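Chains, contacts and geometry: an overview
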Amino acid sequence: MALLAANAAFFAAVAGLFGLLIGSFLNVVIHRLPLMLEQQWRAQCVDLAGQAPVALPEALHLSLVSPRSRCPECAAPIRAIHNVPVLSYMALGGRCASCRAPISLRYPLVELATAIASAAVAWHFGFGLQAALALVFTWYLIALTAIDVDRQLLPDVLTLPLLWIGLLASLWHSDAFAAAPPVALPDALIGAAAGYLFLWAVFQLFRLLTGKEGMGYGDFKLFGAIGAWLGWQMLPLVLLLAAVVGAVVGVALIVARRHGRNVPIPFGPYLAGAAWIAVLWGPPIVERYLGVAGLR
């Protein structure tokens, strides 16, 4: 512990290596959690319809720890040696060891992104409570981003715990902390309420004017969770960054004709990316803006 606290580079390296392992677990969450939710929803629909429940084979009873990971093409179990983050993908040439079916590039990308982001957080905050909280926040954001990209879904089982962890973390706020997290409890409470209600109001206004739903309820909950972690003061910055990047990417996809104008684009990844930037550099960005605008 003393070495981690004394040497920022060593702490960042350890966090990066640990991030590789966390990234491997996040891949399981990203793949299995939506499938687990679908199973639950189908079971609830069957129950509401008064039908007899359908017994699933044991292999289809999914959890985050069982059954063992298998190739989706040939169903061959993945050996432990082939689960080494990033290196296994490279050694196998991005293909299943049994049937040589291609493995999605998402797996090593999530592992690398988690490792790099974890190392950046550790380097920025140094060893301590802030780094630990920022790492948890980062890992949640990566999982939510990938699920929203894949499924256009921000599950309550992730967004709601994220919100509550942010609120509880605010109980340990200290004036010695120069930047979030954790923020003061009043700022976290106001941030959670303001984040949710603002996007909810935008959603209702858009639906009133167009008759369409412009975003999902998961976006409200994610923005509320971000407010709980960063405080209400950071919400304008997060929303501005997310909206600008989302607009640029959306226009680029339309121009490239990868998306039609009416094809929805998930907003969660942009909120998550903007929130992560705000965790590390939010206060300096706001200070710089206020200085340039002459508002200080």
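Refer to the structure above for everything that follows.
Here's what I pulled together on the structure shown here. (Residues numbered from 1 in each chain as written. Predicted model: local features only at pLDDT ≥ 70, side-chain atom pairs only at ≥ 80, totals over all residues. Heavy atoms only, no water.)

**A few points about the overall build of the protein chain**
Within the protein chain, the secondary structure is distributed over 10 helices and 0 strands. In the protein chain, the succession of helices and strands from N to C terminus is α-α-α-α-α-α-α-α-α-α. Sorting the 296 residues of the protein chain into buried and exposed places 38% on the buried side. In the protein chain, of all internal contacts separated by at least 6 residues, the share reaching a separation of at least 24 is 69%. Only carbon and sulfur atoms are counted for the fraction: they give 68% of the accessible area of the protein chain, which is about 16,700 Å². (Helix = DSSP H or I, 4+ residues; strand = E, 2+ residues; numbered from the N terminus. Buried < 20%, exposed > 50% of the residue type's maximum accessible area, 1.4 Å probe, protein only. Contact = heavy atoms within 4.5 Å. Areas by Shrake-Rupley, 256 points an atom, 1.4 Å probe, with all protein chains shown as cover.)

**Observations regarding helix 4 (residues 106-125)**
For helix 4, which comprises 20 residues, the first-to-last C-alpha distance of 28 Å matches the rise-based estimate of 28 Å (1.5 Å per residue) to within 8%. Of the positions making up helix 4, those classed as buried are Arg106, Pro108, Val110, Glu111, Thr114, Ala115, Ala117, Ser118, Val121, Ala122 and Phe125. Within two residues after helix 4, Gly126 carries a phi angle of roughly 75°, on the positive side. (Expected span 1.5 Å × (residues − 1).)

**Regarding the pattern of salt bridges**
The final tally for this structure, using the stated rule, is 3 salt bridges. For the salt bridge of Arg151 with Glu38, the shortest nitrogen-to-oxygen distance reads 2.7 Å. Taken together, the residues span a long stretch of sequence, with Arg151 in helix 5 (residues 129-151) and Glu38 in helix 2 (residues 8-48) at a distance of 113 residues. Exposure remark for Glu38: the relative accessible area of 25% places this residue in the partly exposed category. In this structure, the salt-bridge partner of Asp150 is Arg106, at a minimum N-O distance of 2.7 Å. Pair noted here: Asp150 is in helix 5 and Arg106 is in helix 4, with a separation of 44 residues, a long-range link. (Salt bridge = Lys/Arg side-chain N within 4 Å of Asp/Glu carboxyl O.)

**What to know about the side chain of Glu111**
Relative to the helices and strands, Glu111 is located in helix 4. Buried within the structure, Glu111 lacks any salt-bridge partner; Arg106 is the closest side chain of opposite charge, at an N-O distance of 9.1 Å. When sequence neighbours within four positions are dropped, the list of residues in contact with Glu111 reads Gly19, Leu20, Gly23, Ser24, Asn27, Pro85 and Val86. (Lys, Arg positive; Asp, Glu negative; His and termini not counted.)

**Some details on the packing of aromatic side chains**
With the rule as written, the count across this model stands at 8 aromatic pairs. Aromatic pair Phe137 and Trp229: ring centres 4.8 Å apart, planes at 25°, arrangement stacked. Linking Phe137 in helix 5 with Trp229 in helix 8 (residues 217-230), this pair joins segments that are 92 residues apart in sequence. On the basis of relative accessible area, Phe137 is assigned to the buried category, the value being 0%. Centroid distance Trp276 to Trp281: 5.9 Å. Interplanar angle 90°. Geometry classified as edge-to-face. (Phe/Tyr/Trp six-rings, centres within 6.5 Å; stacked < 30°, edge-to-face > 60°.)

**Notes on the nonpolar core**
Ranked by internal contacts, the top residues of the largest apolar core, which has 63 residues, are Phe137, Ile226, Leu230 and Leu271. Listed by contribution, the elements that provide at least two residues to this core are helix 2, helix 4, helix 5, helix 6 (156-169), helix 7 (185-210), helix 8, helix 9 (235-255) and helix 10 (268-293). Tallying contributions element by element places helix 5 first for this core, with 13 residues. (Core = buried A, V, L, I, M, F, W, Y, C linked by side-chain atoms within 4.5 Å.)

**Here we look at the environment of Phe25**
Positionally, Phe25 belongs in helix 2. When its relative accessible area of 39% is taken as the criterion, Phe25 is described as partly exposed. C-alpha of Phe25 to C-alpha of Ala143: the two residues are 118 residues apart in sequence and 9.7 Å apart in space.

**Notes on helix 8**
Compared with an ideal rise of 1.5 Å per residue, which puts 14 residues at 20 Å, helix 8 spans 20 Å between its outermost C-alpha atoms and is within 8% of the ideal. Of all 14 residues that make up helix 8, 13 are buried, and the element is covered over most of its length. Where helix 8 ends, the next residue or the one after it, Gly231, has phi of about 85°, a positive value.

**Topic: the packing of helix 5 against helix 8**
Look at helix 5 against helix 8: their axes get within 12 Å of each other, and the N-to-C directions meet at 165°. It follows from the interaxial angle that helix 5 and helix 8 lie roughly antiparallel. Both helix 5 and helix 8 take part in a crossing whose hand is left-handed. Facing Leu133, Val136, Phe137, Leu141, Leu144 and Asp148 of helix 5, the residues of helix 8 in contact are Asp219, Leu222, Ile226, Trp229 and Leu230. By residue class, the composition of the contact of helix 5 with helix 8 is 9 nonpolar, no polar and 2 charged. (Axes fitted to C-alpha atoms, helices over the stretch in contact; angles between N-to-C directions. Parallel < 35°, antiparallel > 145°, perpendicular 65-115°, else oblique. Left-handed = near helix turned anticlockwise from the far one by under 90°. Nonpolar A, V, L, I, M, F, W, Y, C, P; charged D, E, K, R; others polar.)

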